[in-house]
Structure formats: structure tokens, C-alpha cells
There are 2 protein chains.
Amino acid sequence: MTARPDEAQILNAWLANAGPWERAVREGRIESRQLVTDRAIVEAVLARAPRRVIDLGCGEGWLAHALAAKGIEVIGVDAVPALIDAASVQGGDFRVISYEQIAAGALREQADVVVCNFSLLGDASVSGLLAAVPGLLAPGGVLLVQTLHPLAVATDEPYSDGWRQGSWIGCGDGFGQPAPWYFRTLGSWLAAFATAGLQLHSLAEPVHPHTGRPASVIFMAGAS
Amino acid sequence: MTARPDEAQILNAWLANAGPWERAVREGRIESRQLVTDRAIVEAVLARAPRRVIDLGCGEGWLAHALAAKGIEVIGVDAVPALIDAASVQGGDFRVISYEQIAAGALREQADVVVCNFSLLGDASVSGLLAAVPGLLAPGGVLLVQTLHPLAVATDEPYSDGWRQGSWIGCGDGFGQPAPWYFRTLGSWLAAFATAGLQLHSLAEPVHPHTGRPASVIFMAGAS
């Protein structure tokens with residue numbers, strides 16, 4: 001599978017910004033994560049009482065470590081070696097694997113929860129990854145995806161799928177070029193799940209305490 | 001089943017405003033309907049190629065007549081006798097039945113599509129109606145619900161379920177007291193479907209050509 005230019009830009013931006021990103025997460029610089037979305041995804045995973053979790057796009061590993069601290073077996077994967085190095089300092093099962101490799105069958109394990117926490121940023125790369133998810137789910141397992149709420153972002157832009165310019169605003173210093181990211185409407189997220197053989201079970205919308213509006217959306221889907 | 005005060009207010013408001021409402025629809029006074037949502041729901045129904053449709057909360061019957069003109073057998077039901085009288089002038093199968101009566105089993109027919117076009121306005125009355133919908137679906141049949149997009153309305157109010165004050169703004173003259181209506185988040189709509197034994201298949205978000213933002217949401221669900 002050949003990555004499209006935009007898909008490659010995403011990975012390149014994370015390769016180039018792994019250091020400042022790790023600091024931003026460790027120092028709790030991103031307000032919406034501190035106030036709402038970190039806890040929301042931890043609670044959504046724990047509510048499934050999983051024995052094993054696969055964290056796709058685990059980054060510097062905060063979520064994997066939080067879940068491991070609850071006695072859950074966690075496999076964290078990310079395409080960025082520097083982030084996996086940072087995650088591995090505290091121990092744990094972390095692996096450098098790209099979404100394209102997972103789409104091609106590189107991950108053989110199954111889990112009760114596959115979680116993607118703000119880690120689905122591309123177009124074709126995400127479609128390919130999602131198609132592999134049913135094969136990663138143990139019987140009764142679910143995919144949990146937390147992402148920007150399509151209707152809470154970019155309200156001055158047309159509500160239609162497409163590439164959008166990224167930003168590191170609010171993440172602190174030291175960042176270089178931001179990556180583009182692929183915007184999907186709610187309907188397109190559901191269609192992407194359906195195409196991948198995944199059926200939406202529920203949808204949570206964690207509300208930001210300052211705005212009273214959704215800070216994110218968490219989709220829960222199972223094999224259809 | 002005893003209606004809660006707010007539920008009764010909804011029906012009372014429609015009983016009192018049936019005349020001006022019929023005029024507003026017939027004269028095409030509601031811009032978002034003219035530009036977007038009328039066509040969106042007609043196309044969503046036709047895409048299912050149904051033999052028979054049940055139109056719940058059919059009002060003055062425009063949708064039922066539009067579908068009947070395509071050769072579809074349509075049963076239109078509404079709790080407001082004046083609206084059913086208006087719908088019946090052009091002929092067709094229109095019946096005065098309340099949602100509470102449907103919840104209690106008053107409708108025996110099954111259809112390939114059950115459609116609710118901006119007609120689910122209450123709390124408990126809607127839950128009761130939805131619970132009866134699986135029994136109204138022929139094998140392979142679906143429920144189509146068009147409603148205000150939860151994230152496109154009342155953006156200055158907290159994003160949580162609850163009663164909201166209605167309005168006849170934009171509908172023309174002659175209206176009396178508006179009815180309250182029950183706001184549901186997207187997550188709550190999905191949960192309401194799940195509770196009723198309905199599984200969301202897809203979600204469409206017709207975009208208003210002037211704003212570029214969703215004018216409504218159309219849920220499609222089948223028996224789970």
C-alpha cells in the first residue's frame with residue numbers, strides 16, 4: 001500500500017514532533033484532555049472490564065500505563081519509534097508498528113477492547129486500519145474510538161469530509177510543522193465503521209465543563 | 001399510561017395550532033424544509049424501495065402523499081384529528097391514533113419503512129412509541145427518523161437531555177402558544193433506539209445550502 005502524500009505528512013509530523021508531544025502529554029498541557037477526555041476514555045475502557053486491551057496509536061503511552069495500573073494486559077502500538085521508546089521506559093508491551101502494517105496483518109493478538117484515542121488522523125490509512133479491527137477483537141470485544149466531535153470543531157468550515165490543516169496550539173513550545181488531518185462527518189464515521197465490518201453500539205459525548213458542549217465523541221463498535 | 005404534563009402540552013399545542021400549521025406546510029413557509037429536509041426524507045424513504053410505509057405523526061400528510069404519488073402504499077397516523085382531516089381530503093389511508101395508543105398495540109400493520117419526520121417531540125411518549133416500532137417493521141424493514149440535529153440547535157444551551165421551549169418562529173401567522181419539546185443528545189438518541197430494540201444502521205446529515213452545516217439528522221435503524 002503506497003501512502004498518499006497527506007498520509008505521509010501525518011507520520012512525518014509525528015516523527016518530527018515526538019519530543020515536544022511527549023512533554024505536552026506528560027506535563028498535562030492540553031486542557032481538554034486534563035479536564036475531560038483522558039478520564040472519559042479510561043472510564044469507557046474500564047466499563048468493558050477487559051482482560052486485554054490493544055492501544056492503537058498509543059503515543060507516549062499514558063493510556064496504556066493507566067490501564068496496566070488497573071491490572072489489564074495492554075499492547076501499545078505506534079508507528080513513531082521515539083514515542084514507543086518513551087512509552088517503554090516504564091515497561092510494558094509496546095511495539096513499533098504502522099497502521100499499514102496492521103492493515104496487512106502484522107498484529108496477531110486479539111483483545112477485549114481495541115482503543116484508538118485521538119489517533120485516527122488519516123483517510124485511507126484509517127480505512128485500512130479499521131478493516132483489520134474485527135480480526136483483532138476477541139469474541140464480544142469492542143472498538144473504542146475517541147476523536148474530535150465533528151460538530152464541535154471547525155464550525156466555520158463546510159460540514160463535509162476532507163483534509164484540514166492541523167495545529168499545535170495549546171500544546172506548548174518546541175513544535176514544528178503541524179500535520180494535516182482528515183475530517184469526517186458523523187455519518188461518514190458510521191459509514192467507515194460499517195465498511196470495515198463494524199457495527200456501532202453506542203456513542204458517548206463527553207461534555208467540556210467550561211463550554212457545556214461536547215469535547216469529543218467516543219464511538220463503541222463491535223464486529224457486525 | 002398517564003401522560004406527563006409536558007407530554008400533554010405537546011399534543012394540546014398541536015390541537016390548538018393545527019390550522020396555521022397546515023397552512024405553513026402547504027405554503028412552504030419553513031425555509032429549511034423547502035431547501036433541504038423535505039427532499040432529504042423523501043429520498044431516504046425511496047432509497048429503501050418500500051412497498052408499504054407507515055408515517056407516524058404524519059400531520060397534514062404532505063410526506064404520505066408524496067410517497068403515495070410514487071406508488072407506495074402509505075398509512076398515515078397522527079393524534080390530531082384536524083390534521084388527519086386535512087390529510088384525508090386528497091384521499092389515502094389516514095388514521096387518528098396517538099403514540100400512547102400505538103405503544104399499547106393499536107396499530108397492527110407492518111411496513112418496510114416506518115418514518116417519523118420531525119414528529120418525535122416528547123420524552124416518555126417517544127420511548128413508548130419506539131418500543132412498539134420493531135413490531136411495526138416487516139422483515140428487513142427500517143425506521144427512519146428525521147429530527148433537529150442535536151448539535152446544530154441551541155448551541156448556547158448545555159448539551160444534555162431535557163425539555164426545551166418551542167417556537168413557531170418562521171412558520172407564519174396565526175399560531176398560539178408553542179409546545180415544549182424534549183431535547184436528546186446524539187448519544188441519547190442512540191440509547192433510546194437500543195432500549196427499544198432498534199439498531200442504528202446509518203446516520204445522514206443533510207446540509208443546509210446557506211450555512212454549510214447540518215439542517216437535520218436522519219437516523220436509520222432496524223430491529224436488533
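1. Quick notes on the overall build of chain A
Along its length, chain A carries eight helices and nine strands. Against the 2.2 N^0.38 benchmark of 17 Å for 224 residues, chain A shows a C-alpha radius of gyration of 16 Å, consistent with a compact globule. With the principal axes as the frame, chain A shows a C-alpha extent of 40 × 40 × 40 Å. For chain A, with 224 residues in total, the buried portion stands at 55%. For chain A, contacts bridging at least 24 residues in sequence account for 65% of all contacts bridging at least 6. Each charge class in chain A can be summarised by its mean position, and for the 15 positive and 22 negative side chains these summaries are 4 Å apart.

2. Points about the confidence of the model for chain A
Confidence in the prediction of chain A, expressed as mean pLDDT, is 93, and 97% of residues score 70 or more. As scored by the predictor, the complex reaches a pTM of 0.91 and an ipTM of 0.87.

3. A few points about the relation of the copies chain B and chain A
Each copy of the sequence occupies a distinct position, and chain B is placed on chain A by a rotation of 180° and an axial shift of 0.0 Å, giving an RMSD of 0.0 Å. Taken together, the rotation and translation relating the two chain copies correspond to the operation of a two-fold axis. Closest approach to the rotation axis among the C-alpha atoms of chain B is made by Leu 151 of chain B, whose C-alpha sits 3.1 Å away. The overlap is high: 100% of the interface residues of chain B also sit at the interface in chain A, so the same surface is used on both sides.

4. Quick look at the environment of Ser 224 of chain A
Residue and element names in this part refer to chain A. On the secondary structure map, Ser 224 appears in the segment after strand 9 (217–223). As a C-alpha pair, Ser 224 and Arg 33 span 191 residues in sequence and 31 Å in three-dimensional space. Among all residues touching Ser 224, those that are not within four sequence positions of it are Gly 197, Leu 198 and Gln 199.

5. A few points about the packing of aromatic side chains
With the rule as written, the count across this model stands at 20 aromatic pairs over all chains. Between the aromatic rings of Trp 21 of chain A and Trp 168 of chain A, the centroid separation amounts to 6.2 Å while the plane-to-plane angle is 50°, which identifies the pairing as tilted. On the criterion of sequence distance, the pair formed by Trp 21 of chain A in helix 2 (residues 18–26) and Trp 168 of chain A in the loop between strand 6 (162–164) and strand 7 (181–183) is long-range, its members being 147 residues apart. One exposure class covers both Trp 21 of chain A and Trp 168 of chain A, and it is buried. Measuring from centroid to centroid gives 5.9 Å for Tyr 159 of chain B and Phe 183 of chain B, while their planes differ by 75°, and the two rings are edge-to-face. Taken as a pair, Tyr 159 of chain B in the loop between strand 5 (137–147) and strand 6 (162–164) and Phe 183 of chain B in strand 7 (residues 181–183) lie far apart in primary sequence, 24 residues in all. Here the two residues Tyr 159 of chain B and Phe 183 of chain B agree in accessibility, since each one is buried. Through successive ring pairs, a cluster of aromatic residues spans Trp 14, Trp 21, Trp 168 and Phe 175 of chain A. One cation-aromatic arrangement involves Arg 184 of chain B over Trp 189 of chain B; the distance from NZ or CZ to the ring centre is 5.0 Å.

6. Concerning the interface of chain B and chain A
The interface is formed by 22 residues belonging to chain B together with 22 residues belonging to chain A. Buried surface at the junction of chain B and chain A, summed over both partners, amounts to about 1700 Å²; 57% is from carbon and sulfur atoms. Its largest share of buried area at the contact with chain A, chain B owes to Leu 151, Tyr 159 and Arg 213 of chain B, together 36% of the area lost on that side. The interface formed by chain B and chain A includes zero salt bridges. Only helix 7 (186–195) and strand 8 (198–204) of chain B provide two or more residues apiece to the side of chain B that touches chain A. Among the elements that make up the side of chain B that touches chain A, the one with the highest residue count is strand 8 of chain B (four residues). Per-class residue counts for the side of chain B that touches chain A are twelve nonpolar, seven polar and three charged.

Parameters and conventions
- Residues numbered from 1 in each chain as written.
- Chains lettered and ligands numbered in written order.
- Predicted model: local features only at pLDDT ≥ 70, side-chain atom pairs only at ≥ 80, totals over all residues.
- Heavy atoms only, no water.
- Helix = DSSP H or I, 4+ residues; strand = E, 2+ residues; numbered from the N terminus.
- Rg over C-alpha atoms; globule rule 2.2 N^0.38 Å.
- Buried < 20%, exposed > 50% of the residue type's maximum accessible area, 1.4 Å probe, protein only.
- Contact = heavy atoms within 4.5 Å.
- Lys, Arg positive; Asp, Glu negative; His and termini not counted.
- Charge placed at Lys NZ, Arg CZ, Asp CG, Glu CD.
- pLDDT = per-residue confidence, 0-100.
- Least-squares fit on C-alpha atoms with pLDDT ≥ 70 in both.
- Phe/Tyr/Trp six-rings, centres within 6.5 Å; stacked < 30°, edge-to-face > 60°.
- Lys NZ or Arg CZ within 6 Å of the ring centre and 35° of its normal.
- Buried area = accessible area lost by both parts, 1.4 Å probe.
- Salt bridge = Lys/Arg side-chain N within 4 Å of Asp/Glu carboxyl O.
- Nonpolar A, V, L, I, M, F, W, Y, C, P; charged D, E, K, R; others polar.

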